[in-house]
There are 4 protein chains.
Amino acid sequence: MAENERLGVAIVGLGGAVATTAVAGLELLRRGRVDTKGLPLAAARGMGLIDYEALTFGGWDLFEDDLAQAARNHAVLTESQLEAVAPVLSQMRPWSAVSNPHFCKNVVGTSSKKTRSLREQVQAIREDLARFRQEQKVHRVVVINLASTERAVDLTQPKFLTPQAFEAALDANDPDIGPAMLYAYAAIADGTPFANFTPSIAADVPALLLLAQRNGSPLAGKDGKTGQTMLKTAIAPVLRDRALHVEGWYSTNILGNRDGEALNDPASKANKIDTKGAALDSILGYKVQDHIVQIQYYRPRGDNKEAWDNIDVVGFLGQPMQLKLNFLCKDSILAAPLVVELARTLDLAKRRGEAGVIDALGCFFKAPMTQDGGKVEHAMAEQQRRLMSWLSLGRVQPTLGKERIRG
Amino acid sequence: MAENERLGVAIVGLGGAVATTAVAGLELLRRGRVDTKGLPLAAARGMGLIDYEALTFGGWDLFEDDLAQAARNHAVLTESQLEAVAPVLSQMRPWSAVSNPHFCKNVVGTSSKKTRSLREQVQAIREDLARFRQEQKVHRVVVINLASTERAVDLTQPKFLTPQAFEAALDANDPDIGPAMLYAYAAIADGTPFANFTPSIAADVPALLLLAQRNGSPLAGKDGKTGQTMLKTAIAPVLRDRALHVEGWYSTNILGNRDGEALNDPASKANKIDTKGAALDSILGYKVQDHIVQIQYYRPRGDNKEAWDNIDVVGFLGQPMQLKLNFLCKDSILAAPLVVELARTLDLAKRRGEAGVIDALGCFFKAPMTQDGGKVEHAMAEQQRRLMSWLSLGRVQPTLGKERIRG
Amino acid sequence: MAENERLGVAIVGLGGAVATTAVAGLELLRRGRVDTKGLPLAAARGMGLIDYEALTFGGWDLFEDDLAQAARNHAVLTESQLEAVAPVLSQMRPWSAVSNPHFCKNVVGTSSKKTRSLREQVQAIREDLARFRQEQKVHRVVVINLASTERAVDLTQPKFLTPQAFEAALDANDPDIGPAMLYAYAAIADGTPFANFTPSIAADVPALLLLAQRNGSPLAGKDGKTGQTMLKTAIAPVLRDRALHVEGWYSTNILGNRDGEALNDPASKANKIDTKGAALDSILGYKVQDHIVQIQYYRPRGDNKEAWDNIDVVGFLGQPMQLKLNFLCKDSILAAPLVVELARTLDLAKRRGEAGVIDALGCFFKAPMTQDGGKVEHAMAEQQRRLMSWLSLGRVQPTLGKERIRG
Amino acid sequence: MAENERLGVAIVGLGGAVATTAVAGLELLRRGRVDTKGLPLAAARGMGLIDYEALTFGGWDLFEDDLAQAARNHAVLTESQLEAVAPVLSQMRPWSAVSNPHFCKNVVGTSSKKTRSLREQVQAIREDLARFRQEQKVHRVVVINLASTERAVDLTQPKFLTPQAFEAALDANDPDIGPAMLYAYAAIADGTPFANFTPSIAADVPALLLLAQRNGSPLAGKDGKTGQTMLKTAIAPVLRDRALHVEGWYSTNILGNRDGEALNDPASKANKIDTKGAALDSILGYKVQDHIVQIQYYRPRGDNKEAWDNIDVVGFLGQPMQLKLNFLCKDSILAAPLVVELARTLDLAKRRGEAGVIDALGCFFKAPMTQDGGKVEHAMAEQQRRLMSWLSLGRVQPTLGKERIRG
């Protein structure tokens, strides 16, 4: 990696717990206050990934708090960690965001763009990115969507099928085009890598997938695989390999952060649970009749999330057994490093000249997208093997990235 | 597989819960009373494995109960399952066993061989196997050790290093040669496949490894990977891949069967716990400072085993999280199918002409042996991949087995 | 107790899991096949309670299966227990029941009374009880409601306030009068003890409470305290006594029996959860802000119920701690003995001449009724102390009961 | 309470986690930084207890760190709590302690009294108390033993039976007299209240019990009931009341503080576990055959303690059920308030003129002592009822305490 390269990471939802944790975490890493624990690809040296130190952050949010204030509210950092980075974070303020209450009811902010048409909103997003490039002197940019879950939309409608149709719908201010799609479109149309870390269907729009291929934008998504699903996809393969039949899997989650609050909107919740459900059946090779996933907003836990799973299996001689998991985790502590690694890997893909969905990044997601829309691999160990194999495909030329510098 | 082939499975500890469950289970399968749930390789058709129906069982035990009575005592089968197979099982009585109270204190049986010298004991074992072959008209035999854990012995002593030295020690009635070694020697010297499903070090004797290579005996071991360790080796890889540092892993087990009772002998227990400990560090790549494994004899649970694990991990920003596992499992229900699959896979190896440790069978063991004594793979998913790859290496000629028929 | 006295227990929902377990259990006790484990008042000898052997059962159900068939379906008894009592239970067939789909949607049976008016239905219930007394030669009868949870009704309406108003509403076939009220009315109008083991509000109707006082009918209710709430009311007092502030209590339940299925009707579920919620705040003396109770229909568990609770408390120095409970229980195994003891204690109350709500029976219920509608005691230990104190108030004269023999 | 009264609390083990938490906690309370959460008797106003603000602390320790340093090491306080009290705590330094490695092997400190004879050690303790009274201007003193668990000694030996015999043994430097007995003797001989918060048998010495009666010293002990046993004695009564037979109760604890380290000495551990065992059988009224208690030193947890319990019960029809508890607690956060309340209640007893064991304080202990050595009440709710009843016996005259001022 050339010494003075810089990668800009533009985050939709910059003031959220995950994003502020990522920003603060890399700042603490830079100062030697924390080590690389929790960063999955810290050990993957010599693979061409840009250094952690070369990342610089910006992004949008509906709340206008500066990042120090936001981090204080989220209460993810320890008191002394917050104190150490507050001077830097207090200088970072999210750009005003695109909002649409029809897509995510329970989160209403105060810092939304005053523009009226969808085209004007797209244009405003582009201007934000251009300004980001210039001010931060970044050579390349990656856009990552961390905004709260939006409601689902039927993507088989003709207006979503081709770039032309989609752009016509944009021009017509079509009410089915939600904010996340606008960010995705703005990035992809420009050849910028885009990752969907939420269950939002923004990047699943067929029109945008085609556009990404055409314009050289690497994509990844969707819905970060952090706590319960990460374990589920590690344990289900063993049950399959030992021929232990899963009769039922009851999963419940309690969490008290803004994500949990958003999920109090049943439409957003349904969307979220859905992406959680598919992985299990896919790994096992049959439909689990009683697979139940509950997510409960529960304030005492704050950003700390707790998952409890009960798994009923039937083994030899038809005899029943039970496995229970109780994961006391921290949502943002698990998610923030994945956001960081997504930025680095998508950037690597871009430099290698790859475009469209990068299949090898499936290990980061609950509902991995695939280039050809084909069968998805959900088993953690196999996903990891594919990621490692993709990474080792060969270094890119350090100069390759340079040619694409903008601003 | 030729239609009328039969494989004899001679088990050390035939009256134990695992063995009686295996015997009863295959009998119930034959009658269509149960399906193949819990049998890991039931779906591996066309790989050259002998059919489940072709297995026939015999073996040794210190207790002389017939298998129906033994199964009744172990209380693993349901009332109606027991009833269905009792007529067949009551006709099966274990052969008298070799015993040595210095090697396993807490289990004292009544049916031990009256022979005095080690050589006579080996000879008696051989005669048992010859009679088994003849009476059951089996084409091939596999010997599997399911006896209770024995105390450890220092295997670096010269007498354990070469076949000649070992045989000299045998002749001298060396007190360091325990019963499990006698069974292993009897099988291996004869080219018969041998698996060590207990933590016994019987097949780790360097002299016997050499002998197995020389005489064409496929080996596998040791210590069946059933409950807690199976999960541990499925979860540890995820923690590694997500760079979650394991600060401590506390594992406790409660079980009430004969195995648990044997473990009340501290020497046997230490041996058992030891094989449980290595897997974790090996997968993670560093030594977990506080890795504690407890096994507690607790009668209310009977053959049902319960494991509770608490895992302390540190993630991004040095922040701690906890994962807890509670596995309510049935020892014999998990173990019996592995014994069955070991018999089938070792038999396949024999027919293919493989000898010595079969590395690909590592997924069945807590402390897998390797052909070259090199680094062991403990991660479940990777082990499974290797097993599947080994199985698909190509069918053996069905006639190959036939040539080796004895009796 | 006079030797040949007999108490008839008429159960609404006789074919359900709880009732069939009670009937089968006392039959097994009579035959010496089980002991009195699980029967809370087995040790309360010399208190004037009628013997277990003197109870005889009858009752109504929407399903016409005989009790042997019903017990087989519920799968609560072991195979051999069922076999032992099947000859007796197969002779017992529930009487056709009163039904009203507007009150309990998800349970629709086939054996409902063909009568059209509410008055005719009450009359039919009375005739059932008269026939029961005569055929079974029972001296006294107790009616216990075990039917599935019904939807709530506003009991502050004038028609529910006085016996006269209630009877006028009956005559007018008022749609707010559900089946459970009809059973309660039929029993209470007659001076027969009545217990409400479900969350049904049948016996909370002010008109019926007045009638019970007037006609000498002892009452008890409501909603049997079996699993999770039993523990909750044992643990909450300790938290209060140690000044550990409860910030949140998340309770989830999975169960797969008919009760669980009924709860898939949201109206029935709301009613159920409500009775679960009050106990905690009452014991602690403040409102727990995040007290969440979930009940989930989950088939793999059958009649076995599982509760998982997570309790967040704050202690000295404002520091947080967590307590988690996991109760793997059997709904009917816990509930059936309470039904039996309710029958015995209500019968004792009747013989003592007590009428209206018997406060001392509060320990059996999630939402205990009180005579004066005043503050309810929910703490288990204190409830138990009151029960024991009430029991020891003095024996009744054995002849007292005799005077009231009917039939 | 007279406004300017002060109570001195002299603690054996002042530098430990529990004591420093108590000292810091009351300092934070005084400053309004924390409220009375976790202090069991905060709500017991008007009962004559001295105010929290009136307590002042001193005491002995084998480690000479000042309390700010000690608190920093124990890591119980949050960063900002520690900061707030550090100026005060850094001025507090424990007095050098009496030590005897034969009584507690794994804890070896650097600040022990240089005196050689037991009599000299007693005299040194007395001088410490006199100096404490004078310097702190306290009207009364209470001594509380929080030192690490010592090994057991046979108290039926004649030398322990009478004050005369005990004093003769003291004169003879009898090796069976451990440090804890010296503190107890010094306090009791002087009429000073003494509480034994550890499993130490110091105050069980018959000679000291007689002396306490004679000299007017109220006593309480032993072994603070904080985490697992507190829950055990809340839950066992319910199981008894519902006639659920306890077949087995498996309890395991992991903790990483100095207490846990001390328990690595098997002799100390046996003593500790023993006091944990008796409560259960006592409440249930029968011996639980498989009651197993394990305590494991496990560093990742620090002062945070975790208990996991599995309870096997048998209910109606002989059917088994399981209850599991998982308590993530903080040892010192639970224990410190009990130490504070013991000081206040023993002081009240002293002012009331009570002497010897105060039975009503049993709720604070795992192994409650009784005045007459008779049957002990272990059930939490009943213990609490007795405490409340004792407290409400009537106020003492505020002047009564004054008369006893010393110094």
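Predicted, not measured: the structure shown is a model, and the values here were computed from it.

Chemist: In this structure, what is going on with the overall build of chain A? I would like to understand it.
Modeler: Assigned secondary structure in chain A consists of 13 helices and eleven strands. For chain A, the residues scored as buried account for 60% of the 407 residues in total. Taking contacts inside chain A between residues at least 6 apart in sequence as the whole, the part at least 24 apart equals 80%.

Chemist: I tried to follow the pairing of strand β7 (residues 245–255) of chain B on my own but got confused; where do I start?
Modeler: Moving residue by residue along a regular strand, the side chains alternate between the two faces of the sheet. Residue and element names in this part refer to chain B. When you tally the buried positions in β7, you get nine out of eleven residues, the bulk of the element. Both β7 and strand β9 (residues 304–314) contribute to a ladder of nine bridges, which runs antiparallel. Across the sheet, the residue bridging to Thr-252 is Trp-308, located in β9. Pairing geometry for β7 and strand β8 (residues 290–297), over eight bridges, is parallel. When the bridges of β8 are listed, Thr-252 appears paired with Gln-294.

Chemist: Would you take a moment to explain the relation of the copies chain B and chain A for this structure?
Modeler: Look at the two chain copies: a rotation about an axis and a shift along it is all it takes to match them. Least-squares fitting of chain B to chain A yields an RMSD of 0.0 Å, with the superposition described by an axial translation of 0.0 Å and a rotation of 180°. Within this description, the copies of the chain are treated as partners about a two-fold rotation axis. Across chain B, the smallest distance between a C-alpha and the rotation axis is recorded for B:Leu325, namely 2.4 Å. Both copies share a contact surface, since 100% of the interface residues of chain B are interface residues in chain A too.

Chemist: Could you clarify how one ought to interpret unusual backbone geometry in this entry?
Modeler: A cis amide bond links C:Gly221 to the next residue, C:Lys222, at an omega of -5°. Counting through the fold element by element, C:Lys222 comes out in the loop between β6 (218–221) and α8 (228–241). Although it is not a glycine, B:Ala243 sits at a positive phi angle of roughly 60°. Tracing the chain through its elements places B:Ala243 in the loop between α8 (228–241) and β7.

Chemist: Quick question: what am I supposed to make of the packing of helix α2 (residues 67–74) of chain A against helix α3 (residues 79–89) of chain A here?
Modeler: Think of two packed helices as two axes; the pair is described by the angle between the axes and how far apart they sit. Residue and element names in this part refer to chain A. Axis separation between α2 and α3 bottoms out at 8 Å; the angle between their running directions is 145°. Contacts between α2 and α3 involve Leu-67, Ala-68, Ala-71 and Arg-72 from the former and Leu-82, Ala-86 and Leu-89 from the latter. Here the residues of the contact of α2 with α3 sort into six nonpolar, no polar and one charged.

Chemist: Quick question: what am I supposed to make of the domain arrangement of chain A here?
Modeler: Interface extent is often summarised as the accessible area lost during association of the parts. By domain assignment, chain A separates into domain 1 (7–224 + 333–402) and domain 2 (228–330). Each of domain 1 of chain A and domain 2 of chain A has a C-alpha centre, and the two are 26 Å apart.

Chemist: Hey, could you run me through the UniProt feature "transmembrane region" (unreviewed entry) in chain A in this one?
Modeler: Feature annotation in UniProt assigns "transmembrane region" (unreviewed entry) to the following positions: residues 6–29 of chain A. Structurally, residues 6–29 of chain A comprises 54% helix and 25% strand, and the distance from its first C-alpha atom to its last is 16 Å.

Chemist: I keep staring at helix α2 (residues 67–74) of chain C and nothing clicks. Help me out?
Modeler: Working note: α-helix, 3.6 residues per turn, so residues spaced by three or four point in the same direction. Residue and element names in this part refer to chain C. Among the residues making up α2, those that are buried are Leu-67, Ala-68, Ala-70, Ala-71 and His-74. Around the axis of α2, the buried residues are gathered within 160° of arc, so they sit on the same side. Looking at the buried side of α2, the elements it contacts are α1 (17–30), α3 (79–89) and α11 (331–352). Where α2 ends, the next residue or the one after it, Ala-75, has phi of about 55°, a positive value.

Chemist: I'm lost on the nonpolar core in this one. Help?
Modeler: Buried together is how nonpolar side chains tend to be arranged in soluble globular proteins. Among the nonpolar cores identified, the biggest contains 538 residues, and A:Val339, B:Val339, C:Val339 and D:Val339 are the most heavily contacted of them. The contacts of B:Val339, once residues within four sequence positions are left out, are B:Val18, B:Ala22, B:Ile144, B:Leu146 and B:Phe197.

Chemist: Just checking my understanding: could you explain the sheet that holds strand β3 (residues 95–96) of chain A for this structure?
Modeler: Each strand in a sheet pairs with another by means of backbone hydrogen bonds, the pair being arranged parallel or else antiparallel. All names here are of chain A. Taken in spatial order, the seven strands make up an open sheet running β3-β2-β1-β4-β5-β6-β11, and their pairing is parallel. With partners counted over all chains shown, the strands left at the sheet margins are β3 and β11 (356–357), one partner each. The pairing of strand β1 (residues 7–12) with strand β2 (residues 55–61) spans six bridges and is parallel. Bridging across to β2, Val-9 finds its partner in Phe-57.

Chemist: Can you help me understand the packing of helix α8 (residues 228–241) of chain A against α8(B) in this one?
Modeler: Axis separation between α8(A) and α8(B) bottoms out at 9 Å; the angle between their running directions is 140°. One finds that α8(A) runs oblique with respect to α8(B). Considering how the two elements wind past one another, α8(A) and α8(B) form a crossing that is right-handed. Here A:Met230, A:Ala234, A:Ile235 and A:Val238 of α8(A) come into contact with α8(B), specifically with B:Met230, B:Ala234, B:Ile235 and B:Val238. Considering only residue class, the contact of α8(A) with α8(B) consists of eight nonpolar, no polar and no charged.

Chemist: Would you take a moment to explain the sheet that holds strand β9 (residues 304–314) of chain D for this structure?
Modeler: Ordered by their spatial adjacency, eight strands build an open sheet running β8(C)-β7(C)-β9(C)-β10(C)-β10(D)-β9(D)-β7(D)-β8(D), and the pairing between neighbours is mixed. In this open sheet, the two strands that pair with only one neighbour each are β8 (290–297) of chain C together with β8 (290–297) of chain D. Neighbour-to-neighbour, the strand axes of this sheet turn through a mean angle of 10°, independent of strand direction. Taken together, the eleven bridges between β9(D) and strand β10 (residues 320–330) of chain D define a ladder with antiparallel strand orientation. Across the sheet, the residue bridging to D:Asp312 is D:Gln322, located in β10(D). Of the strands in this sheet, β7 (245–255), β9 and β10 of chain D are in contact with helix α11 (residues 331–352) of chain D, which crosses β10(D) at around 80°.

Chemist: How do you make sense of the interface of chain B and chain A when you look at a structure like this?
Modeler: Counting residues at the interface gives 45 residues for chain B, matched by 45 residues for chain A. Among the secondary structure elements, those contributing two or more residues to the side of chain B that touches chain A are α1 (17–30), α8, β10 (320–330), α11 (331–352) and α12 (380–391) of chain B. Looking at the side of chain B that touches chain A element by element, the count peaks at ten residues for β10(B). Of the residues that constitute the side of chain B that touches chain A, the class distribution is 29 nonpolar, ten polar and six charged.

Chemist: What is the right way to read helix α4 (residues 118–136) of chain A from this model?
Modeler: Residues and elements named next belong to chain A. Taking 1.5 Å of rise per residue, the 19 residues of α4 would be expected to cover 27 Å, and the 27 Å separating its terminal C-alpha atoms lies within 8% of that figure. Check the buried side of α4 and you find it contacts β1, β2, β3, β4 (140–145), α5 (163–171) and α6 (179–188). Lys-137 sits one or two residues past α4 and shows a positive phi near 50°.

Chemist: Explain the confidence of the model for chain A to me, please; I cannot follow it from the model alone.
Modeler: If pLDDT is low for a region, its predicted coordinates should not be looked at in detail. All names here are of chain A. Mean pLDDT over chain A stands at 89; residues scoring 70 or higher make up 88%. Long-range and interchain partners of residues 395–407, a stretch whose pLDDT sits below 50, account for 19 contacts in this model, where long-range means more than four residues apart. Reported confidences for the modelled complex are a pTM of 0.90 and an ipTM of 0.91.

Chemist: Honestly, the environment of D:Val12 in this entry has me stumped. Any pointers?
Modeler: Residue and element names in this part refer to chain D. Locating Val-12 in the fold gives a position in strand β1 (residues 7–12). Classification of Val-12 as buried rests on a count of 31 C-beta atoms within 10 Å. Here the alpha-carbon distance between Val-12 and Phe-197, two residues 185 residues apart in the chain, equals 9.9 Å. For Val-12, the residues in contact, after removing those within four places along its chain, are Gly-59, Trp-60, Asn-145, Leu-146, Ala-147 and Tyr-183.

Chemist: Explain the pairing of strand β9 (residues 304–314) of chain C here, please?
Modeler: Counting buried residues along β9(C), ten of its eleven residues qualify, which places the element largely inside the surrounding structure. Here β9(C) folds back onto strand β10 (residues 320–330) of chain C, and the loop between the two strands holds five residues, one of which, C:Leu317, carries a positive phi near 65°.

Chemist: Hey, could you run me through the environment of C:Gly59 in this one?
Modeler: All names here are of chain C. Its location among the elements puts Gly-59 in strand β2 (residues 55–61). Under the C-beta neighbour-count criterion, Gly-59 is labelled buried, with 28 such atoms within 10 Å. In sequence terms Gly-59 and Gly-256 are 197 residues apart; their C-alpha atoms lie 24 Å from each other. Apart from residues no more than four positions distant in its own chain, Gly-59 is found in contact with Ala-10, Ile-11, Val-12, Leu-14, Ala-19, Pro-94 and Trp-95.

Chemist: Any chance you could explain the environment of C:Tyr297 here in plain terms?
Modeler: Following the sequence through the fold, C:Tyr297 ends up in strand β8. Here the alpha-carbon distance between C:Tyr297 and C:Asn257, two residues 40 residues apart in the chain, equals 7.9 Å.

Reading the values: the criteria
- Residues numbered from 1 in each chain as written.
- Chains lettered and ligands numbered in written order.
- Predicted model: local features only at pLDDT ≥ 70, side-chain atom pairs only at ≥ 80, totals over all residues.
- Helix = DSSP H or I, 4+ residues; strand = E, 2+ residues; numbered from the N terminus.
- Buried ≥ 20, exposed ≤ 12 C-beta atoms within 10 Å, placed from the backbone.
- Contact = placed C-beta atoms within 7 Å.
- Pairing = 2+ DSSP bridges.
- Least-squares fit on C-alpha atoms with pLDDT ≥ 70 in both.
- Axes fitted to C-alpha atoms, helices over the stretch in contact; angles between N-to-C directions.
- Nonpolar A, V, L, I, M, F, W, Y, C, P; charged D, E, K, R; others polar.
- Domains from an automatic or database assignment.
- UniProt positions renumbered as here; feature names shortened; annotations may be inferred.
- Arc of directions from axis to C-beta.
- Core = buried A, V, L, I, M, F, W, Y, C linked by C-beta atoms within 7 Å.
- Parallel < 35°, antiparallel > 145°, perpendicular 65-115°, else oblique.
- Left-handed = near helix turned anticlockwise from the far one by under 90°.
- Expected span 1.5 Å × (residues − 1).
- pLDDT = per-residue confidence, 0-100.

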